[in-house]
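A closer look at the structure
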Amino acid sequence: MQIIQRRLVGSEVFSTFASLNPSERTAMAKNNRSQYGGRRRKRSALKKRRTAHPAAIVAGIALLIAVAWHLNASEQSEATTCDTAAEALMKVDVPASTPEQIVNYKGFTVSFNAEAHQPNYVAWELTAAETGGDVTRNVDFAVDRNVVGSAELSDYRRSGFDRGHMIPAADVKWDAEAMAASHFLTNICPQDHKLNAGAWATLEGNCRQWALRDSAIVIICGPVLSDVMPRSIGSDGRIIPVPERFFKVVAAPYSNPPRGIGFLMNNGPVNGGVQAAAVTIDEVEAATGFDFFAALPDEIENEIEAQCAYHEWQRKSR
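Residues numbered from 1 in each chain as written. Predicted model: local features only at pLDDT ≥ 70, side-chain atom pairs only at ≥ 80, totals over all residues. Heavy atoms only, no water.

1. Topic: the overall build of the protein chain
The number of helices and strands found in the protein chain is eleven helices and eleven strands. The buried share among the 318 residues of the protein chain stands at 48%. Considering only contacts in the protein chain between residues 6 or more positions apart, those separated by 24 or more positions represent 71%. Approximately 15500 Å² of the protein chain is accessible, and the part contributed by carbon and sulfur atoms is 53%. (Helix = DSSP H or I, 4+ residues; strand = E, 2+ residues; numbered from the N terminus. Buried < 20%, exposed > 50% of the residue type's maximum accessible area, 1.4 Å probe, protein only. Contact = heavy atoms within 4.5 Å. Areas by Shrake-Rupley, 256 points an atom, 1.4 Å probe, with all protein chains shown as cover.)

Right, here's the structure in full:
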């Protein structure tokens, strides 16, 4: 089984960053980024070694098996710790009246609303390594029969709306299982094509560039279901409200200093593009009623949630 090792994010990272001086923060971030290419370079070096004596080969294989077993055990422990911290940062506090079923897929988590037949939000950590991959998007949309209240494929046919991904397929090209899961209708909302193929798609691409630069980012997005939603789609008696707006919040644990930003986009053309849709995370919380990044120390949470420096996010290097 392949182990996807994630960067440690959450309160541990932000607390550590808060205690470091600027040069130490930069060194820590660079060290985390450098780990992505380490194993690839080691594998390339092994391929270049010349053929050794048979006895040496046997001894070497035995040593490699022992080392591999030890490394696998330690990596699983480290990966579990990192995943736990990431999961804490991805947790969202929603109002008690909000219908919610938490569904954990490989690579992302869905808070599903059975009454609205779409997610309240979808959360994931995107690492630099996960921005690449060769898994194709040759996957059909499907219904997750394990989730109560899921929409059906017929609900979207001839509806006039796109099946809009929350976690985009391009963010899960690193794994076939995650790619298939991203096409479940639990990850889908009715989106106007001008949004889905416009500013929303541009923001998705921006997030992949930010993850490459900053080593890892945490993304949470979804429809603003607290709005009045006069439009709907559906079939066979299901009524799926069409969101008037969508939100996305992003946190960068390895930026120097840590950063956060939010976005609110109308479900249609976005005048002024992504930059015009940039807001603070506080504003997204006010619109949705959700509480993001509650696991962070209050002083750091308050700082990143009050930021709206889009130009800082668009810098090519930190």
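2. Quick notes on the packing of aromatic side chains
Evaluated as defined, the whole model comprises eleven aromatic pairs. Ring centres 4.8 Å apart and planes at 55° place the aromatic pair Trp210 and Trp313 in the tilted group. Here Trp313 lies in helix 11 (residues 310-313) and Trp210 lies in helix 7 (residues 199-214), a separation of 103 residues in the sequence. According to the relative accessible area criterion, Trp210 is buried, its value standing at 2%. Given a relative accessible area of 1%, Trp313 falls into the buried group. Consider the rings of Phe247 and Phe290, whose centres lie 6.1 Å apart with planes at 80°: the pair is edge-to-face. (Phe/Tyr/Trp six-rings, centres within 6.5 Å; stacked < 30°, edge-to-face > 60°.)

3. Thoughts on helix 10 (residues 298-305)
Every buried residue of helix 10 is listed here: Ile300, Glu301, Ile304 and Glu305. Considered in projection along helix 10, the buried side chains sweep an arc of 120° and stay on one side of the axis. Seen from the open side of helix 10, the exposed residues pointing more than 90 degrees away from its buried face are Asp298, Glu299 and Asn302. (Arc of directions from axis to C-beta.)

4. A look at the nonpolar core
If you look at the biggest cluster of nonpolar residues, it comprises 40 residues, and the most contacted ones within it are Phe108, Trp124, Trp210, Ile217, Val250, Phe263 and Met265. By residue number, the principal contributor to this core is helix 7, which donates six residues. Setting aside residues up to four positions removed in sequence, Phe263 forms contacts with Leu203, Trp210, Phe246, Phe247, Lys248, Val274, Ala277, Ala278, Val279, Val284 and Tyr310. (Core = buried A, V, L, I, M, F, W, Y, C linked by side-chain atoms within 4.5 Å.)

5. Section: helix 7
For the α-helix, the turn length of 3.6 residues means that residues three or four positions removed from each other point alike. Between its first and last C-alpha atoms helix 7 spans 22 Å; for 16 residues at 1.5 Å apiece the expected length is 22 Å, and the two agree. All of the buried residues along helix 7 are Ala199, Trp200, Leu203, Glu204, Asn206, Cys207, Arg208, Trp210, Ala211, Arg213 and Asp214. Ser215 occupies a position one or two residues after helix 7 and carries a positive phi of about 80°. (Expected span 1.5 Å × (residues − 1).)

6. Overview of the environment of Ala86
Considering the arrangement of structural elements, one finds Ala86 in helix 3 (residues 54-90). Looking at Ala86, the relative accessible area reads 1%, which means it is buried. Counting along the chain gives 39 residues from Ala86 to Glu125, while the straight-line C-alpha distance between them is 7.0 Å.

7. So, the pattern of salt bridges
Applying the stated criterion across every chain yields a total of eleven salt bridges. Across the pair Asp175 and Lys106 runs a salt bridge whose closest N-O atoms are separated by 2.9 Å. Separated by 69 residues along the polypeptide, Asp175 in the loop between strand 4 (162-165) and helix 5 (176-181) and Lys106 in the loop between strand 1 (101-105) and strand 2 (108-113) bring together distant segments of the chain. For Lys106, a relative accessible area of 27% puts it in the partly exposed group. Across the pair Asp214 and Arg259 runs a salt bridge, and its minimum N-O distance is 3.1 Å. Pair noted here: Asp214 is in helix 7 and Arg259 is in strand 10 (residues 259-266), with a separation of 45 residues, a long-range link. Here the residues in one salt-bridge network are Asp155, Asp236 and Arg238, joined through shared partners. (Salt bridge = Lys/Arg side-chain N within 4 Å of Asp/Glu carboxyl O.)

8. Focus on the confidence of the model for the protein chain
Taken as a whole, the protein chain shows an average pLDDT of 81; of its residues, 73% reach a score of 70 or greater. Ignoring residues within four places in sequence, the model shows residues 1-23, a span with pLDDT below 50, making 67 contacts including any to other chains. Taken together, the stretch residues 25-52 has pLDDT below 50 and engages in 29 contacts with residues farther than four places along the chain or on a different chain. (pLDDT = per-residue confidence, 0-100.)

9. Concerning the pairing of strand 1
Taken together, the five bridges between strand 1 and strand 2 define a ladder with antiparallel strand orientation. Pairing of Gln101 across the sheet is with Phe112, part of strand 2. (Pairing = 2+ DSSP bridges.)

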